[in-house]
Amino acid sequence: MKRVLVTGGAGFIGSHLCERLVSEGHDVICLDNYFTGSKRNVMHLAGCGNFEMVRHDVTAPYYAEVDEIYNLACPASPIHYQYNPIKTTKTSVMGAINMLGLAKRVKARILQASTSEVYGDPDVHPQPESYWGSVNPVGIRSCYDEGKRCAETLFMDYRRQNGVRIKIVRIFNTYGPRMNPDDGRVVSNFIVQALRGEDITIYGDGSQTRSFQYVSDLVEGMVRMMDTPDEVTGPVNIGNPGEFTILELASLIRELTGSSSRIVFRPLPSDDPRQRRPDIGLAGELLGGWRPEIQLREGLARTIAYFESIIR
Ligand code: NAD
Ligand code: UDP
Ligand code: UDP
């Protein structure tokens, strides 16, 4: 059994990852500053002898003896990462430096939760890992996109300079139970609006696309990536190639919730990517035939059931 550190462990994805690692018997440290995450997300694990929670901010050094580190700490939704953009960049960059310094000292494997946002508003579609992206360095999304790009650079340089055993996954839009209902992401917004009978707010004309991955598929991909041989570093895309317009997503959520909410149109935020779909060929090759199992309709049904249980 391994000692595993999960930064951002009390967040949406981190909580599912902690649950998986605890169930496999690993000794798990869930580190979080609770900016967007919540103790409630992992409270059900608190009684397990192999789970512990630590309140800590990754921009400060942290010392522990561990075998593996999953570095997820970073606000991930536009309203939260734009709330204090300087802190967002610090979290990505200083957080990466501190966790890489820790990995170097204890010779741990370390996996970075990077993002499809490193591709920006992509000119190449679908996006393979070899595409360098089209990112605005000075816009309102830059704190997140550039912070994550710099973190990838740091990971590769700690590998080249110090031989740290690194892994990078580029995560595409992921949804599921324990998404924060207030974080403004499209899936949680639309489900909450539909369940409350409020207007469903589409930004722009709804023709922009996203590819939505259910959280259990992502966790499986991340765990498989951590288990690859040391020479496999990535970056590797992890996502579901099923691509939908935002208007299609709104209609599907309205249908699945049986809601009579109206669909309304609001201004499109600046730098909002037009299209996004992962090329997952490399993940299939490197991760033992990994591919997403849960398609949108089923994943949404499970997520709707969760939101019904917390907001009604
Ligand atoms: P989330 O906001 O639920 O989780 C992020 C967690 O990090 C929260 O618990 C938050 O409190 C914690 N955190 C933030 N700043 C911190 C700091 N300075 N120190 C310690 N903890 C801090 O978001 P999520 O969707 O679970 O995302 C987890 C990771 O996956 C993030 O790194 C995100 O960039 C990445 N990611 C997510 C998606 C997605 O669609 N959900 C897509 C691409 C990448
Ligand atoms: N660090 C940490 N935990 C450790 C080891 C290092 O948080 O167990 C931090 C350390 O404070 C430093 C960063 O990681 O700021 C980078 O460490 P590295 O050894 O690469 O650089 P240096 O200490 O030489 O600046
Ligand atoms: N979006 C929307 N209505 C909402 C929230 C988001 O139309 O209430 C749009 C948003 O403009 C973007 C897409 O849905 O085009 C996905 O947004 P999200 O913030 O979930 O993810 P990201 O843009 O970071 O991929």
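Everything quoted here is computed from the prediction, not taken from an experiment. (Residues numbered from 1 in each chain as written. Chains lettered and ligands numbered in written order. Predicted model: local features only at pLDDT ≥ 70, side-chain atom pairs only at ≥ 80, totals over all residues.)

Engineer: Sorry if this is basic, but what is going on with the site of ligand 2 here?
Structural biologist: Around ligand 2, the neighbouring residues are Pro61, Tyr62, Tyr63, Ile97, Asn98, Gly101, Leu102, Lys104 and Arg105. Classifying every residue of the shell around ligand 2 by side-chain character gives five nonpolar, two polar and two charged. (Near = placed C-beta within 6 Å. Nonpolar A, V, L, I, M, F, W, Y, C, P; charged D, E, K, R; others polar.)

Engineer: Teacher, can you tell me more about the site of ligand 1 here?
Structural biologist: The environment of ligand 1 is formed by 29 residues, the closest being Gly8, Gly11, Ile13, Thr36 and Gly37. The dominant element in the shell around ligand 1, judged by the number of residues it contributes, is helix 1 (residues 12-23), at three residues. Of the residues contributing to the shell around ligand 1, the split by class is 13 nonpolar, 14 polar and two charged. (Helix = DSSP H or I, 4+ residues; strand = E, 2+ residues; numbered from the N terminus.)

Engineer: Can you help me understand the UniProt feature "domain: NAD-dependent epimerase/dehydratase" (unreviewed entry) in the protein chain in this one?
Structural biologist: The feature "domain: NAD-dependent epimerase/dehydratase" (unreviewed entry), as annotated in UniProt, sits at residues 4-239 in this numbering. As a span, residues 4-239 carries 35% helix and 20% strand, and end to end its C-alpha atoms are 24 Å apart. (UniProt positions renumbered as here; feature names shortened; annotations may be inferred.)

Engineer: Could you clarify how one ought to interpret the environment of Glu285 in this entry?
Structural biologist: As for its position among the elements, Glu285 is in helix 8 (residues 281-286). On the neighbour-count criterion, Glu285 (11 C-beta atoms within 10 Å) is exposed. (Buried ≥ 20, exposed ≤ 12 C-beta atoms within 10 Å, placed from the backbone.)

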